[in-house]
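# Commentary on secondary and tertiary structure
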Amino acid sequence: MMTSFATLTIGQAPRSDIMPLLSEYLPEESVTHIGLLDGMTAQQIEQRYSPAEGEPQLVSRLLDILGSYRVEQGLQEKIDGLEALGCETILLLCTGVFHGLQAQNAMLLEPDRIIPPLIRAIVGTHQVGIVVPVESQIAEQSIKWSKLPKAPCFAVASPYLADEEKLTKAALALEEQGAQVVVLDCIGYHRLHGDLLQSKLGIPVLLSNVLVAKLAAELIV
């Protein structure tokens, strides 16, 4: 049965890695979890979503490198389908940048539109350091975060591949560059990542998925 609230991930649902975090704020019985790659084989995923040359890239938990433009087309199809089933609120579980997603009647919550203004309001003129999954995302992430008063510094550590040492090294590098707040900007980072870094750093560590989940929880009726 379709609930009035749904999450939509660019990978496969449910996301067992972040379900404990989501469940803190989004009651399981009130939420339907949908994935862009649900039911697809590795070959089907490659055929439909492999990035074209020069296309911005996204990373799924399956460790697939996906083309952002192709993913956006697929997400729009899923959004249309969820609305047709009566879904009233859709939370996108991806912090990547999308430009044309829209819902006709449902509320569509896109982290790339929510998180940067929220972080700006929280930190003001303090220096922000951002951890992203892959190097190729930094150029587009720089545009996404361009409204911050100070240009952010970036480091790379995949939530799916990096061990504790690599993640800590990335965050410490941001602190050394003057970061006063660190943002883990991928849905794949989870509470253990945040707790680990908070124990190593002398500055706040924020998780994009926690922030957006807390806000989304206010819309569940």
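Below you will find a few notes about this structure.

Reading the values: rules and limits
Residues numbered from 1 in each chain as written. Predicted model: local features only at pLDDT ≥ 70, side-chain atom pairs only at ≥ 80, totals over all residues. Heavy atoms only, no water. Helix = DSSP H or I, 4+ residues; strand = E, 2+ residues; numbered from the N terminus. Rg over C-alpha atoms; globule rule 2.2 N^0.38 Å. Buried < 20%, exposed > 50% of the residue type's maximum accessible area, 1.4 Å probe, protein only. Contact = heavy atoms within 4.5 Å. Areas by Shrake-Rupley, 256 points an atom, 1.4 Å probe, with all protein chains shown as cover. Lys, Arg positive; Asp, Glu negative; His and termini not counted. Charge placed at Lys NZ, Arg CZ, Asp CG, Glu CD. Pairing = 2+ DSSP bridges. Axes fitted to C-alpha atoms, helices over the stretch in contact; angles between N-to-C directions. Salt bridge = Lys/Arg side-chain N within 4 Å of Asp/Glu carboxyl O.

Here we come to the overall build of the chain. When you go through the chain residue by residue, the secondary structure sums to 8 helices and 10 strands. For 221 residues, the compact-globule estimate of 2.2 N^0.38 gives 17 Å, and the chain sits close to it at 17 Å. Taken along the three principal axes of its C-alpha coordinates, the chain extends 50 × 40 × 30 Å. Taking all 221 residues of the chain together, 52% fall into the buried category. Considering only residue pairs separated by 6 or more positions, the chain has 64% of its internal contacts joining residues 24 or more positions apart. As presented, the chain carries roughly 10500 Å² of accessible surface, and 52% of it is formed by carbon and sulfur atoms. Here the chain carries 15 positive and 26 negative side-chain charges, and the mean point of each set is 5 Å from the other.

Further remarks concern the environment of Y189. Of note, Y189 is situated in the loop between β9 (181–184) and α7 (191–200). Note: C-alpha distance between Y189 and L219 (30 residues apart in sequence) is 23 Å. Setting aside residues up to four positions removed in sequence, Y189 forms contacts with I18, V131, V132, P133, A157, S158, P159, L167, L184, L207 and N209.

Cis rather than trans, the peptide bond between A13 and P14 has omega equal to 0°. Turning to its location among the elements, P14 is positioned in the loop between β1 (5–9) and α1 (19–25).

So, on to the sheet that holds strand β5 (residues 89–93). Reading across from one edge, β2-β1-β5-β6 is the order of the 4 strands in this open sheet, with parallel pairing throughout. Edge positions in the sheet fall to β2 (31–35) and β6 (107–109), since each has one partner strand and no second. If you compare each strand with its neighbour and ignore which way they point, the axes differ by 20° on average. Where β1 and β2 come together, 5 bridges link them in parallel fashion. The residue bridging T9 from the neighbouring strand is G35, located in β2. Lying over the sheet, helix α3 (residues 68–84) contacts β1, β2, β5 and β6, oriented at roughly 165° with respect to β1.

Below, the discussion takes up the pattern of salt bridges. Applying the stated criterion to the full structure yields 5 salt bridges. A salt bridge links E55 to R70, with the nearest nitrogen and oxygen atoms 3.6 Å apart. Placement of the pair is E55 in the loop between α2 (42–49) and β3 (57–59) and R70 in helix α3, with a sequence separation of 15 residues. Overall, E55 belongs to the buried group, its relative accessible area being 8%. Residue R70 is classed as partly exposed on the basis of its relative accessible area of 29%.

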